[in-house]
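# Topology and contacts: notes
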Amino acid sequence: CDMLLAVEAQLSGTPASHAVADCYRAQLDPEQRAAVEAYASAGSPMAAHLSAVLGPFRDLMSGPLAEPTFGAQESLKMFLTYQDADLADEDESPWFREFPDDLTLEVALETYLLLSTLNTNK
C-alpha cells in the first residue's frame, strides 16, 4: 500500500488507481514481478520508453478498466495496443514487443504501479 501512496503522490490529476475495478487489482506473482522489472530495468530497450507506455496504460485504467467489463484473464499487452496503436507498430515501437506476454488485465493496476515506480527511480 505504501508503494501505491508513493506513486499516486507523484501523479497529477485523479490517480488512475482510484478508478480501476477490483477485478484488475490482483497482485503480481514473483515471476511476473521479476519479468516486469527486467523488462523495464536500466539498459533494457524499454527503459528509455517507459513514459510511452505509462500514458496509454493510465488511460486504459481510468477508462476501459474502470468497470469490470472485460475478462480479467485477457491479455494486458493486447489491451495496451488497443489503447495506443503505435505500441503495436513494430517500426514505431520495436521495444514494446518485449512487454511480458503472460500478463493479464487481472494484474493491470500493480503492473502500472510497478512501472511507474521504476520510471521515477531511474
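Now for a quick tour of the structure. Keep in mind that this is a model prediction, so the values were computed, not measured.

Here the focus is the packing of helix α3 (residues 50–62) against helix α4 (residues 76–83). A pair of packed helices is characterised by two quantities: the angle between their axes and the separation of those axes. The N-to-C vectors of α3 and α4 enclose an angle of 95°; their axes lie 9 Å apart at closest approach. The pairing of α3 with α4 is recorded here as roughly perpendicular in orientation. Contacts between α3 and α4 involve V53, P56, F57, D59 and L60 from the former and L76, F79, L80 and Q83 from the latter. Split into classes, the residues belonging to the contact of α3 with α4 amount to 7 nonpolar, 1 polar and 1 charged.

On to α4, then. Residues of α4 that are buried: L76, K77, F79, L80 and T81. Structurally, α4 contributes buried residues whose contacts are with α3 and α5 (108–120). Looking at where α4 begins, the residue whose side-chain oxygen comes 3.4 Å from the main-chain nitrogen of K77 is S75.

Our focus in this paragraph is the packing of aromatic side chains. Counted under the stated rule, the structure contains 6 aromatic pairs. Ring geometry for W95 and F96: centres 6.1 Å apart, planes at 90°, overall edge-to-face. Per residue, the accessibility class of W95 equals that of F96, and both read buried.

It is worth spelling out a negative patch on the surface at this point. A cluster of acidic residues, D86, D89, D91 and E92, forms a negative patch on the protein surface. Considering the arrangement of structural elements, one finds D86 in the loop between α4 and α5.

Contact pair helix α2 (residues 30–40) / α5: the axes reach a minimum separation of 10 Å and the direction vectors enclose 35°. For the crossing formed where α2 meets α5, the hand is right-handed. Residues R33, V36, E37 and A40 of α2 form the contact with α5, whose own contacting residues are E110, T111, L114, L115 and L118.

A few words on the side chain of S93. Tracing the backbone through its elements, the reader meets S93 in the loop between α4 and α5. Setting aside residues no more than four positions away along its own chain, S93 makes contact with D86 and L87.

Right, let's talk about the pattern of salt bridges for a bit. Under the definition given, this model contains 6 salt bridges. For D22, the salt bridge is made with R25, and the minimal N-O distance between the two is 3.7 Å. Overall, the relative accessible area of 68% leaves D22 in the exposed class. Here the residues in one salt-bridge network are R33, E37 and E110, joined through shared partners.

Residues V53, F57, L76, L80, F96, F99 and L115 are the most contacted members of the largest nonpolar core, which totals 31 residues. The set of elements that each furnish at least two residues to this core consists of α2, α3, α4 and α5. Not counting chain neighbours up to four residues away, the residues in contact with F96 comprise Y39, V53, K77, L80, T81 and L87.

Basis of the calculations
- Residues numbered from 1 in each chain as written.
- Predicted model: local features only at pLDDT ≥ 70, side-chain atom pairs only at ≥ 80, totals over all residues.
- Heavy atoms only, no water.
- Axes fitted to C-alpha atoms, helices over the stretch in contact; angles between N-to-C directions.
- Helix = DSSP H or I, 4+ residues; strand = E, 2+ residues; numbered from the N terminus.
- Parallel < 35°, antiparallel > 145°, perpendicular 65-115°, else oblique.
- Contact = heavy atoms within 4.5 Å.
- Nonpolar A, V, L, I, M, F, W, Y, C, P; charged D, E, K, R; others polar.
- Buried < 20%, exposed > 50% of the residue type's maximum accessible area, 1.4 Å probe, protein only.
- Polar contact = N/O pair within 3.5 Å; in protein donor to acceptor, adjacent residues only side chain to side chain.
- Phe/Tyr/Trp six-rings, centres within 6.5 Å; stacked < 30°, edge-to-face > 60°.
- Patch = residues over 30% accessible without salt bridge, like charges linked within 9 Å, V, L, I, M, F, W, Y side chains within 5 Å.
- Areas by Shrake-Rupley, 256 points an atom, 1.4 Å probe, with all protein chains shown as cover.
- Salt bridge = Lys/Arg side-chain N within 4 Å of Asp/Glu carboxyl O.
- Lys, Arg positive; Asp, Glu negative; His and termini not counted.
- Charge placed at Lys NZ, Arg CZ, Asp CG, Glu CD.
- Left-handed = near helix turned anticlockwise from the far one by under 90°.
- Core = buried A, V, L, I, M, F, W, Y, C linked by side-chain atoms within 4.5 Å.

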